[in-house]
Protein chains: 2
Amino acid sequence: MKPRLLELKEAVLSKNDLLAEELRNDFAHNNTFVLNWVSSPGSGKTALLEATLTQMHEAGLSVAALVGDLATENDANRLKRSGVPIRQIVTDGICHLEADMVRNRLDGWDLSTFDFLFIENVGNLVCPSSYDLGENLRVVLMSVTEGEDKPLKYPTMFNSADVAVITKIDLAEACEFDRRLAYENINAIRPGMHIIETSAKKAIGVSDWVDFLVQMRQAAMTKTS
Amino acid sequence: MKPRLLELKEAVLSKNDLLAEELRNDFAHNNTFVLNWVSSPGSGKTALLEATLTQMHEAGLSVAALVGDLATENDANRLKRSGVPIRQIVTDGICHLEADMVRNRLDGWDLSTFDFLFIENVGNLVCPSSYDLGENLRVVLMSVTEGEDKPLKYPTMFNSADVAVITKIDLAEACEFDRRLAYENINAIRPGMHIIETSAKKAIGVSDWVDFLVQMRQAAMTKTS
């Protein structure tokens, strides 16, 4: 049973990789910097995304977002308050986003009008790690309430990410969050990974986060131009 | 591609169901009451499990636990402090536990000596919902820090569970946890589901939780005797 299933899984993945590569070329061609946000359910992806979109929009940047969930359009409805184009991908039980879901949902959008495209993945620290969405930057979020050991227990996700955002930093004291241990564990899995601390609720670190993304986009544009 | 993969997935699931049924018969035959704990990563499964095992052990109940993780033996090492038999299942990248992993890891244990067997699943609110482990009770845990919308966004998991435990209740105020909304959302997905509030850190609700489990076991034993 297993080898055949594995073989098919590999075929699906390689099909996904080809499609992701096409998307990546499209994104580069249109100067759209794309982020894939992954985390546990409830780590605060949507809250930070709302703050990020709002701040970028107010700063005159052109941004859009795709948000993935197993069920409900709640996140898209919430994010629309930021005033930027938002579309929901309802996966209907599938535990991660795939490149073809992203491609289909982009239909009709003119990528060349977006400086940034944010993709919020399904809340899941395991399965989304295997699916490239053609992003420039994979962002793993981890809230202070989840425990400092998450990088060690979900190494594939942390290893495949490019930057780590520690969220809900306003709750650090209430949770007795051990910052040194968290950094140590992140670095054990992905040495040197850039780490940013934020609280969307208290507007801590959001400006630094936005500045960082703008810099990352500039660096990517310089590289491809 | 997809239909063939789906077909194979269904075959794997039905093989799992057959094995789970065998396990369920074994558990019943040995009067072992079995729980399958599912939740997001970092919702506090291991902390509540440690408190539960310790309290039951001190009360003279015979308990054991299997703990699932993608990587590391950290949880098993932590739980061994409770003084009860613990075994780790390292899934090596697989995002959920399956019945055959449970069966293999039980090898050499005399089930008839255990009143309770706790199975802590991999932290994942999606994939474990499809895999029956032969348990008597599926417990979904949700911490106050994750947001009240989790039942709506992960309906399959909440719908397949028998009881919900709200964890980290000591952080409710710091998180502005909306209890009424959380209960409403759980009931929207699984009407009438029993809900218990706990804080392992502050020892809130743990005794009620243990009493509840003892009652559930008695009810199950009466039914099968």
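Throughout this description, residue numbers start from 1 for each chain and increase along the sequence as written. Starting at A for chains and at 1 for ligands, labels are handed out in the order in which the entities are written. Thresholds applied to this predicted model are a pLDDT of at least 70 for local features of residues and 80 or more for the giving and counting of side-chain atom pairs; totals over whole chains, interfaces and linings are not thresholded and use all residues. Excluding hydrogens and water, the side-chain figures rest on all heavy atoms present in the structure.

Remarks on helix H2 (residues 45-58) of chain B
Residue and element names in this part refer to chain B.
Alright, step 1. Labels follow the DSSP assignment, with helices taken as runs of H or I lasting at least four residues and strands as runs of E lasting at least two, numbered in each case from the N terminus. One less than the residue count of a helix, multiplied by 1.5 Å, gives the span that helix is expected to have. Its 14 residues give H2 an end-to-end C-alpha distance of 20 Å, which sits within 8% of 20 Å, the value for a rise of 1.5 Å per residue.
Alright, step 2. When we look at burial in H2, the residues that qualify are Lys45, Thr46, Leu48, Leu49, Glu50, Ala51, Thr52, Leu53 and Met56.
Alright, step 3. Once H2 finishes, Gly60 follows within two positions and takes phi at roughly 85 degrees, a positive value. Only protein chains enter the area calculation, which uses a 1.4 Å probe; residues under 20% of their type maximum are buried, those over 50% are exposed, and those in between are partly exposed.

Digging into the side chain of Asp75 of chain B
Alright, step 1. Mapping Asp75 of chain B onto the fold places it in helix H3 (residues 74-79).
Alright, step 2. Apart from residues no more than four positions distant in its own chain, Asp75 of chain B is found in contact with Lys153 of chain A together with Thr46, Val67, Asp69, Gln88 and Glu120 of chain B. Every residue pair with non-hydrogen atoms within 4.5 Å of one another is taken to be in contact.

Some remarks on the environment of Asp100 of chain B
Alright, step 1. Summarising the element assignment, Asp100 of chain B is placed in helix H4 (residues 99-105).
Alright, step 2. Since its relative accessible area comes to 27%, Asp100 of chain B is described here as partly exposed.

Thoughts on the sheet that holds strand E1 (residues 33-38) of chain B
Residue and element names in this part refer to chain B.
Alright, step 1. Read from one edge of the open sheet, seven strands run E3-E2-E4-E1-E5-E6-E7, paired in parallel fashion. Strands with a single pairing partner mark the edges of an open sheet, and in this sheet they are strand E3 (86-90) and strand E7 (194-197). Each strand of the sheet is rotated relative to its neighbour by a mean of 20 degrees, with strand direction disregarded.
Alright, step 2. What makes two strands pair is DSSP finding at least two bridges between them. Bridge analysis of strand E2 (residues 63-69) against E3 gives five bridges, and the strand direction is parallel. If you follow Leu66 over to E3, its bridge partner there is Arg87.
Alright, step 3. Orientation is described by axes fitted as lines to C-alpha atoms, over the contacting stretch for helices, and by angles from 0 to 180 degrees between their N-to-C directions. Running at roughly 150 degrees to E7, helix H7 (residues 179-189) makes contact with strand E5 (137-143), strand E6 (163-167) and E7 of the sheet.

Examining the packing of aromatic side chains
All names here are of chain A.
Alright, step 1. In this analysis, rings of Phe, Tyr and Trp, with Trp reduced to its six-membered ring, are considered paired at centre separations within 6.5 Å, and the interplanar angle assigns stacked below 30 degrees, edge-to-face beyond 60, and tilted for intermediate values. Under the definition given, this model contains 12 aromatic pairs over all chains.
Alright, step 2. Between Phe33 and Phe116 the ring centres are 5.9 Å apart and the planes differ by 80 degrees, which places this aromatic pair in the edge-to-face class. With Phe33 in strand E1 (residues 33-38) and Phe116 in strand E4 (residues 116-120), this pair connects stretches of sequence that are 83 residues apart.
Alright, step 3. Relative accessible area serves as the criterion here: at 1%, Phe116 is assigned to the buried category.
Alright, step 4. Between Phe116 and Phe118 the ring centres are 6.0 Å apart and the planes differ by 20 degrees, which places this aromatic pair in the stacked class. Per residue, the accessibility class of Phe116 equals that of Phe118, and both read buried.
Alright, step 5. Feature note: the residues Phe33, Trp37, Phe116, Phe118, Trp209 and Phe212 constitute an aromatic cluster, connected by ring pairs.

Notes on the relation of the copies chain B and chain A
Alright, step 1. Superposing the copies works by least squares over the C-alpha atoms of residues that have pLDDT at least 70 in both of them. When chain B is brought onto chain A, the operation consists of a screw motion whose angular component is 180 degrees and whose axial shift is 0.0 Å, with 0.0 Å RMSD remaining. In the structure described here, the two chain copies are related by an operation that fits a two-fold rotation axis.
Alright, step 2. When the interface residues of chain B are mapped onto chain A, 100% of them again lie at the interface, so the same face is used by both copies.

Points about the state of the cysteines
Alright, step 1. Any two cysteine sulfur atoms within 2.5 Å of one another count as a disulfide. Tallied over the entire structure, the rule returns zero disulfides over all chains.
Alright, step 2. The thiol sulfur of Cys95 of chain A is not disulfide-bonded, and the nearest other cysteine sulfur, from Cys127 of chain B, lies at 3.6 Å.
Alright, step 3. Residue classification places Cys95 of chain A among the buried residues on the basis of a relative accessible area of 12%.

Notes on the nonpolar core
Alright, step 1. Among the buried residues, those of types Ala, Val, Leu, Ile, Met, Phe, Trp, Tyr and Cys that are joined through side-chain atoms within 4.5 Å form a nonpolar core. Core analysis: the largest hydrophobic core is formed by 54 residues, its most contacted members being Val140, Val144 and Phe158 of chain A together with Val140 and Val144 of chain B.
Alright, step 2. Among the elements of the structure, strand E5 (137-143), helix H6 (155-160), strand E6 (163-167) and helix H7 (179-189) of chain A together with E5, helix H6 (155-160), E6 and H7 of chain B are those that each provide at least two residues to this core.
Alright, step 3. Apart from residues lying up to four places away in sequence, Val140 of chain B is in contact with Val38, Leu125, Met157, Phe158, Ala161, Val163, Ala164, Val165 and Met193 of chain B.

Here's the deal with the environment of Glu50 of chain A
Residues and elements named next belong to chain A.
Alright, step 1. Of note, Glu50 is situated in helix H2 (residues 45-58).
Alright, step 2. Residue Glu50 is classed as buried on the basis of its relative accessible area, which comes to 17%.
Alright, step 3. In this structure Glu50 touches Arg78, Leu79, Arg81 and Ser82, once residues within four positions along its chain are discounted.

Focus on the pairing of E6 of chain B
Residue and element names in this part refer to chain B.
Alright, step 1. The buried fraction of E6 is high, at five of five residues.
Alright, step 2. Side chains Val163, Val165 and Thr167 of E6 all project onto a buried face; the interleaved residues Ala164 and Ile166 project onto the opposite face, where all are buried too.
Alright, step 3. Bridge count for E5 against E6 is five bridges, and the pairing is parallel. For Ser143, the partnering residue across the bridge sits in E6 and is Thr167.
Alright, step 4. Between the parallel elements E6 and E7, the chain passes through H7 in a crossover that is right-handed. By definition, the crossover connecting two strands over a helix is right-handed if that path, from the first strand to the second, turns clockwise as seen with the strands pointing away from the viewer.

A look at the interface of chain B and chain A
Alright, step 1. With 39 residues of chain B at the contact, the number on the chain A side is 40 residues.
Alright, step 2. Accessible surface is computed with a 1.4 Å probe, and the buried area is the amount of it that two parts give up when combined, taken over both parts together. The contact between chain B and chain A buries some 3,300 Å² in all, and 63% of this surface belongs to carbon and sulfur atoms.
Alright, step 3. Every case where a carboxyl oxygen of Asp or Glu lies within 4 Å of a side-chain nitrogen of Lys or Arg is listed as a salt bridge. Run the count over chain B and chain A and you get six salt bridges.
Alright, step 4. A salt bridge links Asp69 of chain B to Lys153 of chain A, with the nearest nitrogen and oxygen atoms 3.5 Å apart.
Alright, step 5. Any N or O atom pair separated by 3.5 Å or less is treated as a polar contact, with the protein-specific requirement of one donor-capable and one acceptor-capable atom, and with residues adjacent in sequence counted only for side-chain atom pairs. Our count for the contact surface shared by chain B and chain A stands at nine residue pairs in polar contact (both at pLDDT 80 or more).
Alright, step 6. Sorting the residues of the side of chain B that touches chain A by element identifies helix H1 (2-29), H3 and helix H5 (150-153) of chain B as the ones contributing at least two each.
Alright, step 7. Element by element, the count of residues in the side of chain B that touches chain A is highest for H1 of chain B, at six residues.
Alright, step 8. Any residue outside Ala, Val, Leu, Ile, Met, Phe, Trp, Tyr, Cys, Pro, Asp, Glu, Lys and Arg is labelled polar, Gly included; the first ten of those are nonpolar and the last four are charged. In terms of residue class, the side of chain B that touches chain A is built from 20 nonpolar, nine polar and 10 charged.

So, the sheet that holds E1 of chain A
Residues and elements named next belong to chain A.
Alright, step 1. Taken together, seven strands build an open sheet; the order of strands is E3-E2-E4-E1-E5-E6-E7 and the sheet is parallel. Whereas interior strands pair on both sides, the edge strands pair on one side only; in this sheet they are strand E3 (86-90) and strand E7 (194-197). Mean inter-strand twist for the sheet, computed between neighbouring axes without regard to direction, equals 20 degrees.
Alright, step 2. As paired elements, E6 and E7 share four bridges and run parallel to each other. When the sheet's bridge partners are listed, Val165 is paired in E7 with Ile196.

Examining the pattern of salt bridges
Alright, step 1. Per the counting criterion, the structure on display carries 26 salt bridges over all chains.
Alright, step 2. When the shortest N-O distance is used, the salt bridge between Glu197 of chain B and Arg179 of chain B registers 2.8 Å. Taken together, the residues Glu197 of chain B in strand E7 and Arg179 of chain B in helix H7 connect sequence positions 18 residues apart.
Alright, step 3. Residues participating in the shared-partner salt-bridge network are Asp69 and Asp75 of chain A together with Asp149, Lys150 and Lys153 of chain B.

Geometry only, nothing functional implied.
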